Amino acid sequence: MTKPSLLLFDLGGVLTENAGFSQLNTLLPQPLDKQDLKQRWLLSSSVRAFELGELGAQDFARQFIQEWQLELSAEEFLLEFTAWSKGFYPNAQATLHLLRQEHRVACLSNSNPIHWQKFAGYENHFDIALFSHLRGVIKPDREAFMLAIDECAVKPSEIYYFDDSAANVEVAESLGMHAFLVEGFKALLQLLICQGLVAVPVVVE
């Protein structure tokens, strides 16, 4: 496999901890399998609008509650939603620092104003940072991946892409990227070691 010119990361569930799917499942009338829940989330009209920057927080909350049939007020839901994103996994920032010593490192993340404000400064850990609500494109749409290719000025075949969503990985692969499905930072770190991108099994913050 060709060595990469660019390492491109999803954030939630890869570099940052997000309790959203497990917490959301406790709020649903009928819990869903994790992969089914991820797929429904990606296709949700209210989520897409919010993460494209087309809805404010209150409108998003009201539409999401109606769409997903939750027994919560908008204010209660927003409190839950805000707490879902937990920040970087332990050792993730140190790993990014190591990777950037030898590679260009970027992120392509579906994002929203609430979590953006909560963890401002994420972009400082990347050479290029692309967030959906700021750029008006969203995964798994091809346009989001094409934006990354254009902004990073690199051939798809020279990109290693890491995501916890099978749908996103499939689109990345269809465009010629080397795409990897990973669940959580531990799995990511093991993969980076196997690919020879980092040389140590444990990174100390």
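Conventions used here
Residues numbered from 1 in each chain as written. Predicted model: local features only at pLDDT ≥ 70, side-chain atom pairs only at ≥ 80, totals over all residues. Heavy atoms only, no water. 1 Å grid on protein atoms, 1.4 Å probe; cavity = no way out; pocket = protein on both sides within 12 Å on 5 of 7 lines; lining within 4 Å. Points joined across faces, edges and corners; volume = space filled by probe spheres on them. Helix = DSSP H or I, 4+ residues; strand = E, 2+ residues; numbered from the N terminus. Nonpolar A, V, L, I, M, F, W, Y, C, P; charged D, E, K, R; others polar. Pairing = 2+ DSSP bridges. Axes fitted to C-alpha atoms, helices over the stretch in contact; angles between N-to-C directions. Buried < 20%, exposed > 50% of the residue type's maximum accessible area, 1.4 Å probe, protein only. Contact = heavy atoms within 4.5 Å. Salt bridge = Lys/Arg side-chain N within 4 Å of Asp/Glu carboxyl O.

### A look at empty space enclosed by the protein
Piece 1. All told, the structure shown has 1 cavity of 30 Å³ or more when counted by the stated rule.
Piece 2. Here the largest cavity is characterised by a volume of approximately 40 Å³.
Piece 3. Sorting the residues of the lining of the largest cavity by element identifies strand S4 (104–109), strand S5 (128–131), helix H8 (132–135) and helix H9 (142–152) as the ones contributing at least two each.
Piece 4. Taken together, the residues that form the lining of the largest cavity break down as 7 nonpolar, 3 polar and 2 charged.

### Quick notes on the sheet that holds S4
Piece 1. With parallel pairing, the 5 strands of this open sheet are ordered in space as S5-S4-S1-S6-S7. The strands lining the two open edges of the sheet, one partner per strand, are S5 and strand S7 (178–181). Each strand of the sheet is rotated relative to its neighbour by a mean of 15°, with strand direction disregarded.
Piece 2. Where strand S1 (residues 6–9) and S4 come together, 4 bridges link them in parallel fashion. Paired with Phe 9 across the strands is Cys 107, a residue of S4.

### Examining H9
Piece 1. Within H9, the full set of buried residues consists of Ala 144, Phe 145, Leu 147, Ala 148, Ile 149 and Cys 152.
Piece 2. Each element contacted by the buried residues of H9 is listed here: S1, S4, S5, H8, strand S6 (159–163) and helix H10 (166–174).

### A word on the pattern of salt bridges
If the charged atoms of two oppositely charged side chains come close together, the side chains can form a pair.
Piece 1. Under the counting rule described, the total for this entry stands at 9 salt bridges.
Piece 2. Residue Lys 38 pairs with Asp 164 through a salt bridge whose shortest N-O separation is 3.2 Å. Of this pair, Lys 38 sits in helix H2 (residues 34–43) while Asp 164 sits in the loop between S6 and H10, placing them 126 residues apart in sequence. Accessibility classification places Lys 38 together with Asp 164 in one group, the buried group.
Piece 3. Residue Asp 163 pairs with Lys 139 through a salt bridge whose shortest N-O separation is 3.1 Å. With Asp 163 in strand S6 and Lys 139 in the loop between H8 and H9, the pair connects residues that are 24 residues apart, well separated along the chain.
Piece 4. Its relative accessible area of 0% is what places Asp 163 among the buried residues.
Piece 5. Owing to a relative accessible area of 1%, Lys 139 belongs among the buried residues under this scheme.

### Quick word on unusual backbone geometry
Piece 1. For the peptide bond that leads from Lys 139 to Pro 140, omega is 10°, which places it in the cis range.
Piece 2. When you line up the elements, Pro 140 lands in the loop between H8 and H9.
Piece 3. The phi torsion at Gln 69 lies on the positive side, around 60°, for a residue other than glycine.
Piece 4. Following the sequence through the fold, Gln 69 ends up in the loop between helix H4 (57–68) and helix H5 (74–84).
Piece 5. At Asn 91, a residue that is not glycine, the phi angle is positive and equals roughly 80°.
Piece 6. As for its position among the elements, Asn 91 is in the loop between strand S3 (85–88) and helix H6 (92–100).

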